[in-house]
Amino acid sequence: MEKHSKGKNRYKSFMMRGKTISAIGAMAALGLAIYSQSGQPTIGQLAQAMKAQPSAWTVVVGANAKASDVVGASNIVAALETFTSVPTNMTTNQSNLQVQIQGTIPVIQNSYPLYYPSEPLYLGYNLNSVVNVLSVGSGTFQTNYNGQQTTYQYNAYVYPSNQYSIQYIEPTPGQSQPVVSLAATGPTASPISLNLTFSPSLNLTQLTQSPQAINIFNTTYYMVPASNGQYINFVPAADVVTLNVNQSTTFNGVQITLQGVTAQYSAGSTTSTGVPSAVLNINGRTVTVQVGSQEYVDGINVLVVNVYGPLSNEVTTTQQGYVELVLGNSGYQLPITSTPANVQTSSGQVLNNVQVQMTYTTSGNGYLISDIAFLFPQLPEIGTSGYYGLTNGAVYQLPLFNYELTFPSVTLPAKNSDLIQVQSSLVTQGSNSYANQFTLSYPDALSGKTYTLSIYNNDPSSPSNGVLQAFQQGYVQSLKEYTNSLTTSTTSTYQSAALTPTVGTVISITNTSSVTSYYYIANVSSSNVILVGLQTGQVYNVNSGGATLSDGVSVKYSGGTLTFNSPNGQYFTSQTFTAGTNYNYPYYAGQLTPGSQTSAFVLYPGQYFAVYNPTTQTSEIFYLQDVTTGTNNVPQATIEDVITGQTYTVSQGNPIVVDNGISLDPIIINTQVPYVILQGSGTISMNRLVLTSMGTSPQSTPMISITGLGTPTVNIGVQDTYPGYTLVNGSTLGTSVSLTLGVTGGLANPTFDYTNPTSTSVTSGSTTTTYYLDKAGTYSVYTSSTGAQTLSLYVPMVPVSYAVSIAPVGSQSQQESVNVGIGQIIPGTSLTVEGVTGASSTTTTYSAPQALIGNVILTSQVNANNMNNMVLVGGPAVNTLTAQAVINWVSSENSTLGSELQSLASSQGGLIYGSQLAPVLQQLGITFEPGTALVFTSTLAPNSLVIFGWYGNDTTEATQVFANYLVSGVDSSVFNNATLVWINDQQTSVSGQPTVQAIQ
């Protein structure tokens, strides 16, 4: 297969010039034997020998070699030197290998996510679909009341509400673009609630003598019953300090001094039931605060937890007294009530509609509390949508706890999405709209380039009567058609029908269900006829033994006539096939999908065909440019990859392998008609085209399946799956979108088959825009206006999930980098790292290459002792050994021509001019001209290889081609099993090198 840049001139103009011929002694003068042709090694075998013992090889140039030959010799030596390194293996422990995954998981420090790394939240999920309860605090504390110690266990739980779900909502119906939101369908309670439980039930009386601290949302809160018994002081502690009398502390810039301790008595009472109190000076203001009470002054909150010292109605100002204070920015009062009641601040203000409800019993004059439920306010309406909640990027603060419900911003479409876009162009006739053209663009999986496919209405003048065709409007050929049909009637019918076959015509057989099969006559000889089913691509080699066609008809070929026999119980309506309406052959010949069946494309210049490989999930589209007679009078065809613009030159009988790994064999190239029969293994469908978009891997590649080509309605399905990403029901997450392209009406609204999308429409004038979003995050915008329709479908490379969390107020989401070891799960998925591609348990190191000094020699230095393991570089006009090697090879092919060359060499000092060699090689079917070169193994001596070109620069190019093959295996499919390879450095192959072709 040859490959070259589109539009590149295949041959440069050269001025012919003769080569100087120098003299050489006869081979016999060296005492060298001429080895027989039998057992001649392949180029691949010699290459292996070079790799195994590189220092044993020498490169030989002519005694009067040109500089270009010496440069070529250095290329070969450089290649040999790469194999002089000695490998050393070292075993490594693979279990210690890790993969770094970056930017996949939004992380907020000290947050409480409502999802798990392996179970994200997707569109449509309820807030509690993944996590239905969160532990935000737990621990134990011990009270000491009148010498009695009691240990309590506390737990704080957050319960997400199932009334809230992740939805795609239009804030202003019919007027605004929808946004992803956490919403409920009406006014309802908060999306979360918080319950604080105690075991055993908390005895508040015990707390009066022993205030306790608990931890909720990573914050310490002190709980102290108020002296009036109506509420519990609930105070977040930024700092806890102990002050002696006359000692001071500063908090947030406010100075606090303990002036003394005292006992506050009821009016007129001097009994011991006075309440211990602290006399504090806060920024110059003196206040007396009882134990269990709090004071809010100048932006700080002070809770008196304990007072110690000689207490009386006199203020103690000695150093004997001290207090324990809890300092913070806020303090709260929790009403002791079994029905919801508002939480108040330490100054008695209602706290943003936060309520508490307690579950308790009474014991004497005290309370035994088992549960405190914190009830947060409901969320506001989102615009005028009728939904209540918050949009992505917004937060919902939880007053009292300094935490908030966060819904990080979601970018739609998702970054790195594949954009698949379909556009229609409409015309109006009467009251109906008709499509005259569609375009579909997508990023191709194989090349990475964006490709645009055109689908045409083939009857623009009367579009309602048209069908939809891919790539080009109309038909590439109108082929003569011979028709017959089957019937079950026995009246005036026949069991067989005959036809004299003509290459390039079509046979059509209509079965009893009115379905017509078309067969192309691809080749006719005296003994067989090759038929190709145009709809299926199936190949039938018909001879006297017969073959059975896809519709059950059997056919034999004998005496220049095809005889068709009808299936049992069916009959032909005519004894002969009659010429009917010509078969119109469209520009799209179909797509090959690999399989066990042998199928073929019938291709005329100008036609398109596609090849789909489901294993690699890649698709290629080709265009037959021309059919010509190429080098050495070989029929050839030029095929263009329409996405990359690269072209391939193929010749009859030489299979090619396209980039996605599918093999195609041009079994017939007819330069007279002209046409090509391109055969492969699999099935061909004329009305189907599968395209593959980028994706993240062969397991996650958006597939675009087009069916119904050649009919008034074409269906397009876009599907993608995300292995490792599962829904809560255990099914694999995926996307499935169906589109309909119709001659009438154009592009219809998309349907999402199984991912429950949300859609909404916005109308502005004559333009209606509909937005779609499905569980996987596939985002679609469909716009319909007068004369045109556009669908933009963004398929994400990884599913879009929503990182709803409860996090500290003001915190920012960050993208985390995590190291995942072998056998561990990648966060955010259920994928497990089983190994590291390219990492081996054995590490191989290489010693420094050995310099091959002295391994380039002249022909004059060759003798019987070193006449082996040679690479001869330079043409027969400057290298006598090359000349003799050429004579040997020509003699093995044609002894007469070999004798002619030997005679010339004998009279010219052992050398042969290029102008003398070219006509000899032409008679052997080899073109030798400027821009070409030969590489072949020789029987001149054991293990000898010859490389030379027409000019010196052609020789240099040829040595580079061979060196790249030796080192990197470039074009190994050509070199490995060949003994003679022809190089054309004016053409570029698939490898980007000059074209190489195996001659033998």
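One can find the structure itself at the top, above this paragraph.
The present account deals with the structure reproduced in this document. Here the structure is a predicted model, which means the values were calculated and not measured.

## Digging into the pairing of strand E12 (residues 219-225)
Here is step 1: The buried count for E12 comes to five of seven residues, which makes it a mostly enclosed element.
Here is step 2: Note: strand E11 (residues 212-216) against E12, five bridges, orientation antiparallel. Along E12, the bridge assignment pairs glutamine 212 with methionine 223.
Here is step 3: Alignment of E12 against strand E13 (residues 231-236), held across five bridges, turns out to be antiparallel. Bridging across to E13, proline 225 finds its partner in isoleucine 232.
Here is step 4: Two successive antiparallel strands, E12 and E13, enclose a turn made up of five residues, where glycine 229 displays a positive phi of approximately 75 degrees.

## Overview of the sheet that holds strand E40 (residues 547-548)
Here is step 1: Spatially, four strands are ordered E35-E42-E41-E40 in an open sheet, and the strand pairing comes out antiparallel. Here the strands that pair on one side only, and so sit at the sheet edges, are strand E35 (496-499) and E40.
Here is step 2: Where E35 meets strand E42 (residues 561-565), four bridges bridge the pair, whose relative direction is antiparallel. By the bridge assignment, leucine 499 is partnered in E42 with leucine 562.

## Looking at the packing of aromatic side chains
Here is step 1: A complete count under the given rule lists 42 aromatic pairs for this structure.
Here is step 2: Considering the side-chain rings of phenylalanine 936 and phenylalanine 948, the 6.3 Å spacing of their centres and the 85 degrees angle between planes classify their relative orientation as edge-to-face. Taken as a pair, phenylalanine 936 in strand E69 (residues 932-938) and phenylalanine 948 in strand E70 (residues 944-949) lie far apart in primary sequence, 12 residues in all. The pair phenylalanine 936 / phenylalanine 948 is uniform in exposure class, with both members buried.
Here is step 3: Aromatic side chains tyrosine 965 and phenylalanine 975 sit 4.7 Å apart centroid to centroid with 25 degrees between the ring planes, which places their arrangement in the stacked category. Taken as a pair, tyrosine 965 in helix H8 (residues 952-968) and phenylalanine 975 in helix H9 (residues 972-975) lie far apart in primary sequence, 10 residues in all. The two residues tyrosine 965 and phenylalanine 975 agree in class, both being buried.
Here is step 4: Chaining the aromatic ring pairs together yields one cluster made of Tyr112, Phe217, Tyr221, Phe234, Phe374, Phe376, Phe401 and Tyr403.

## So, helix H6 (residues 895-907)
Here is step 1: Between its first and last C-alpha atoms H6 spans 18 Å; for 13 residues at 1.5 Å apiece the expected length is 18 Å, and the two agree.
Here is step 2: Buried residues in H6 make contact with helix H5 (880-893) and helix H7 (914-923).
Here is step 3: Where H6 starts, the residue carrying a side-chain oxygen 3.1 Å from the main-chain nitrogen of threonine 896 turns out to be asparagine 894.
Here is step 4: With its phi angle positive at about 70 degrees, glycine 909 sits one or two positions after the end of H6.

Analysis parameters
Position labels on residues start from 1 in each chain and follow its written sequence. Reporting of local features is limited, given that this is a predicted model, to residues whose pLDDT is at least 70; pairs of side-chain atoms are given and counted only at 80 or more, and all residues count toward the totals for whole chains, interfaces and linings. Note: side-chain values were computed over all heavy atoms of the structure, leaving out hydrogens and water. Each residue gets one of three labels from its accessible area relative to the maximum for its type: buried under 20%, exposed over 50%, partly exposed in between, using a 1.4 Å probe on protein chains only. Helix and strand assignments come from DSSP, with helices taken as H or I runs of at least 4 residues and strands as E runs of at least 2, each series counted from the N terminus. Strand pairing is assigned whenever DSSP identifies at least 2 bridges connecting the two strands. The aromatic pairing rule takes the rings of Phe, Tyr and Trp, using the six-membered ring of Trp, and pairs them if the centres are within 6.5 Å, calling planes under 30 degrees apart stacked, those over 60 edge-to-face and the rest tilted. Helix span, as expected, comes to 1.5 Å for every residue beyond the first. Any pair of residues with heavy atoms lying within 4.5 Å of one another is described as a contacting pair. Here a polar contact is taken to be a pair of N or O atoms separated by no more than 3.5 Å, where protein atoms must pair a possible hydrogen donor with a possible acceptor and residues adjacent in sequence count only if both atoms sit in side chains.

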